[in-house]
2 protein chains.
Amino acid sequence: MDLPAYLKRQTTRVDDALDRFLPDEERMPHLLHKAMRYSIFAGGKRIRPILLLAASEAVGGQSDRVLYAASALEMIHTYSLIHDDLPAMDNDDLRRGRPTSHKVFGEAHAILAGDALLTEAFALLTDPGDDFAVAPAVQLRVANIIARAAGAAGMVGGQIVDMESEGGGDELDLPTVEYIHTHKTGALIRAAVEVGAILGGADQRTFKALSRYGELAGLAFQIADDILDVVGDQDVVGKDIGSDEARGKATYVALFGLSEAQSRADELRDMALETLESLGEKAEPLRQIVNFIVARTS
Amino acid sequence: MDLPAYLKRQTTRVDDALDRFLPDEERMPHLLHKAMRYSIFAGGKRIRPILLLAASEAVGGQSDRVLYAASALEMIHTYSLIHDDLPAMDNDDLRRGRPTSHKVFGEAHAILAGDALLTEAFALLTDPGDDFAVAPAVQLRVANIIARAAGAAGMVGGQIVDMESEGGGDELDLPTVEYIHTHKTGALIRAAVEVGAILGGADQRTFKALSRYGELAGLAFQIADDILDVVGDQDVVGKDIGSDEARGKATYVALFGLSEAQSRADELRDMALETLESLGEKAEPLRQIVNFIVARTS
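In what follows, the accompanying structure is described. (Residues numbered from 1 in each chain as written. Chains lettered and ligands numbered in written order. Predicted model: local features only at pLDDT ≥ 70, side-chain atom pairs only at ≥ 80, totals over all residues. Heavy atoms only, no water.)

This part covers the overall build of chain A. Counting secondary structure elements, chain A contains 15 helices and two strands. The dimensions of chain A, computed from C-alpha atoms along their principal axes, are 55 × 50 × 35 Å. The proportion of buried residues among the 298 residues of chain A is 60%. Contacts spanning at least 24 positions in sequence make up 73% of the contacts within chain A whose residues lie at least 6 apart. Carbon and sulfur atoms form 47% of the exposed surface of chain A, whose accessible area is close to 11,300 Å². Of the side chains in chain A, 30 bear a positive and 47 a negative charge, and the two mean positions are spaced by 5 Å. (Helix = DSSP H or I, 4+ residues; strand = E, 2+ residues; numbered from the N terminus. Buried < 20%, exposed > 50% of the residue type's maximum accessible area, 1.4 Å probe, protein only. Contact = heavy atoms within 4.5 Å. Areas by Shrake-Rupley, 256 points an atom, 1.4 Å probe, with all protein chains shown as cover. Lys, Arg positive; Asp, Glu negative; His and termini not counted. Charge placed at Lys NZ, Arg CZ, Asp CG, Glu CD.)

With that settled, consider the packing of helix α10 (residues 204-231) of chain A against helix α15 (residues 284-295) of chain A. Residues and elements named next belong to chain A. Here α10 crosses α15 at 20°, and the two axes come no closer than 8 Å. Put simply, α10 runs roughly parallel to α15. Read as a crossing pair, α10 and α15 show a hand that is left-handed. Of the residues in α15, those touching α10 at L210, Y213, A217, A220, F221 and A224 are L286, I289, V290, I293 and V294. Among the residues forming the contact of α10 with α15, the class breakdown is 11 nonpolar, no polar and no charged. (Axes fitted to C-alpha atoms, helices over the stretch in contact; angles between N-to-C directions. Parallel < 35°, antiparallel > 145°, perpendicular 65-115°, else oblique. Left-handed = near helix turned anticlockwise from the far one by under 90°. Nonpolar A, V, L, I, M, F, W, Y, C, P; charged D, E, K, R; others polar.)

We now examine the relation of the copies chain B and chain A. Least-squares fitting of chain B to chain A yields an RMSD of 0.0 Å, with the superposition described by an axial translation of 0.0 Å and a rotation of 180°. On the angle and the small slide along the axis, the relation comes out as a two-fold axis. Nearest to the rotation axis, the C-alpha of P136 of chain B is located 2.7 Å from it, this being the minimum over chain B. By residue overlap, the copies meet face to face through one surface: 100% of the interface positions of chain B are interface positions in chain A. (Least-squares fit on C-alpha atoms with pLDDT ≥ 70 in both.)

An ideal rise of 1.5 Å per residue puts 27 Å on 19 residues; helix α6 (residues 107-125) of chain A measures up with 27 Å between its terminal C-alpha atoms. Counting buried residues along α6 of chain A, 18 of its 19 residues qualify, which places the element largely inside the surrounding structure. (Expected span 1.5 Å × (residues − 1).)

Before going further, it helps to spend a moment on the nonpolar core. Counting 202 residues, the largest nonpolar core has I76, Y213 and I289 of chain A together with I76, Y213 and I289 of chain B as its most contacted members. Sequence-distant contacts of I76 of chain A, that is, excluding residues within four places in its chain, are made with L118, A121, F122, I146, A150, M155 and L188 of chain A. (Core = buried A, V, L, I, M, F, W, Y, C linked by side-chain atoms within 4.5 Å.)

A common way to report how large an interface is uses the accessible area buried once the components associate. Residue-level contacts link 49 residues of chain B with 49 residues of chain A. Summing the contributions of chain B and of chain A, the shared interface buries around 4,000 Å²; its carbon and sulfur component is 74%. D127 of chain A serves as the salt-bridge partner of R148 of chain B, at 2.7 Å between the closest nitrogen and oxygen. Listing elements by their share of the side of chain B that touches chain A, those giving two or more residues are α2 (30-40), α4 (67-84), α6 (107-125), α7 (136-150) and α8 (155-165) of chain B. (Buried area = accessible area lost by both parts, 1.4 Å probe. Salt bridge = Lys/Arg side-chain N within 4 Å of Asp/Glu carboxyl O.)

Right, let's talk about helix α4 (residues 67-84) of chain A for a bit. A rise of 1.5 Å per residue sets the reference length of α4 of chain A, with its 18 residues, at 26 Å; its end C-alpha atoms lie 26 Å apart and thus fit the reference within 8%. Counting buried positions along α4 of chain A gives 18 out of 18 residues, so the element sits mostly inside the fold.

Right, let's get into unusual backbone geometry. As a rule of thumb, non-glycine residues mostly have phi less than zero, and peptide bonds are mostly trans rather than cis. Omega for the peptide link from M28 of chain A to P29 of chain A comes to -10°, which places this bond in the cis form. Topologically, P29 of chain A is positioned in the loop between α1 (3-21) and α2 (30-40). Not every positive phi belongs to a glycine, and R46 of chain A is a case in point at roughly 60°. Mapped onto the elements of the fold, R46 of chain A is located in the loop between α2 and α3 (47-58). Despite not being glycine, R96 of chain B shows a phi value in the positive range, around 55°. Here R96 of chain B shows up in the loop between β1 (94-95) and β2 (98-99). Judged by relative accessible area, R96 of chain B falls into the partly exposed class, the value being 25%.

Quick look at the packing of aromatic side chains now. In this description, a pair of aromatic rings is defined by centroid distance and the angle of the planes. Residues and elements named next belong to chain A. This structure, assessed with the given rule, holds five aromatic pairs over all chains. Residues Y252 and F256 carry aromatic rings whose centres are separated by 4.9 Å and whose planes lie at 45° to one another, so their mutual orientation is tilted. In this pair, Y252 and F256 both sit in helix α13 (residues 252-256), four residues apart, roughly one turn of the helix. When its relative accessible area of 7% is taken as the criterion, Y252 is described as buried. With relative accessibility at 37%, the residue F256 sits in the partly exposed group. (Phe/Tyr/Trp six-rings, centres within 6.5 Å; stacked < 30°, edge-to-face > 60°.)

Function-wise, these values are silent; they only describe arrangement.
This is the structure in C-alpha cells:
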C-alpha cells in the first residue's frame, strides 16, 4: 500500500471533521475561536486520529461515525501542546515551525484556548446528536477511556513527572523515563487505538491485541521523538533541536545513548507488528504506521 | 427550614464524595494530586453542587447517585478558579483568604492541576462503574450539558469576554455585561440545576421551570458577586475588595451603580421564586438558596 497517499487521505478526513466540529471564528468570542483553530490547523501530523481510523478499519469498521472521536482526540492533543509551550512550562516560541499560541495571542488567550479545546472535546464525545449513531453505553465507554488517558493517571500525570525530572542529571532512572513515556505520550496513543477498535466493533480478544499494539506504538513514538530531538533536522522537525539535553530532560537517549535507543524503538516496532498477526490485510495501515513512527524524520 | 444546617449537611456530603473521587496524595504524581486537593478543599461554598442536590430533591430524587455529577461540577468550578487566578489572567494572590494555587505550587503545577481537575471531572461523568446506576443515555446527556456549559459557548467564553472587557471604561455596554454574566458564572449554575432535575427524574415541564430557575439564580449570583466586590468585607469575602473597579471590569455595578444593581438582583430572585410555585414543600431549599445568594456577605 501507498502510505503517504493513505496518510494524506485520512488527514483530509480528519481536517474536514475538525473544521465541522470546531466553533466558527465568525461567532463570539472571535479571538477564542481563532486561537483554537490556529493551533488545530498548524500542520500537525494527525497521528492519533489516524491511528484511531486505522484501528477501526483493521477490525472491519468503515463508517464516518468514528470521526467525532478522532476529532476529540486531536483537540485534546492540541490543548496539551498549547499548555506545554507556555512560558511557565517549556517556554517554546516555535511549534511545527510557526509561533506558538501564546506568542500570537498572549498567555491568557493561550491558556483559555487550551481549556476550551479540552472541554469541547468532551462536549463532542458526549454529544447525543444523531450525526453518529453510536449506542450510548459504547459512547460513554469511549469518552471514559479518553478521559482516563488524558488526566492525572495519564497524559497530565506524565507531563508533571516530565517537568519535575528536568535537570535530574545522574538521578535519572529507567522507571521515571518509562513512567513519562507510558503516560505523557503513550496513554493517548493507546487510547486512540482502543477507541478505534471499540467503534469498529472489535471482539474482546482483538481489542486486547490492538490495545497492546497501541501501547507498544506509543512507546516507540516517544523514543523516536527523543531521538529526533538529538539527530533531527530543525527545519524538518519544526522546533528547536537539542532542547531535551539542554533542559536535562529524562529521556531514553539520555539514559542509554542513541544507538541503544534506536534498537529499543526497532524492538518495540517488531513487537507491535506481532500483535497484528491474526488481523490480515485490513491491518496493513497499522503495520505501515508503526514502521513510519520509528523511521520518521519529523 | 434551617438553611445553615441544610447547607452544612449538603457540604459534608459533597466533601465526602470529592474526597472519595479525587486521586489520593499518596499516589504518584504526589504534587499534582496535592495541588488538586489543595484547591478543592480550600473552603469553597459548594453552591453549584448544593444547587444540583437541591434541584434533584425538589423533584423527588433522594439517592446518592447524584453525587458523582455534583463532585464533577465542583472540580470544573475549581479548575476555572485556579486558571483565573494565574499571573497571566487575574493575577490574584489570595482566594478565600488562602494563597492561590500558583503561589503555593508554582505556575506550571497550577496550570496542570487545573487541567487535571477538568479532565477528572469528565472521567467521573463518563465512568460506567456500578457505583451509581444511571442509564447510559441519561449519563451522556448530563455530561454533555456540563461540557457545553463549561466550554467556549459557556464559562470559558464568558471568561474571555470578561478579560477582554477590562479597561473598557465608557465603552462598557449592557449586552457585554449580560454576555459575561450568563456565560462566565450563569452557564455552570444553570447546568447544576438542570442536571439535578434530570437525575432526580423531572418531567419535561418541571425541567423547563427548573432550568429557568437556574438561569435566574445564576444571574442574581453574579450581580451579588459584583456588589460584594464593592461593599464586601475583605476578611469575610476572602479576596481583595475593589479589584473589579481597579481593573475597569465590565460589571452590572459599573454600568448602573450599586442601588440599581441590588434592585436587579432582588427582581431576579423574585422571578426565580415564581418558577418554583408548582413545586411545593420539596423546593423549599431552592427558595432559601436563591434568597441566600442575593443576601450573602461572602
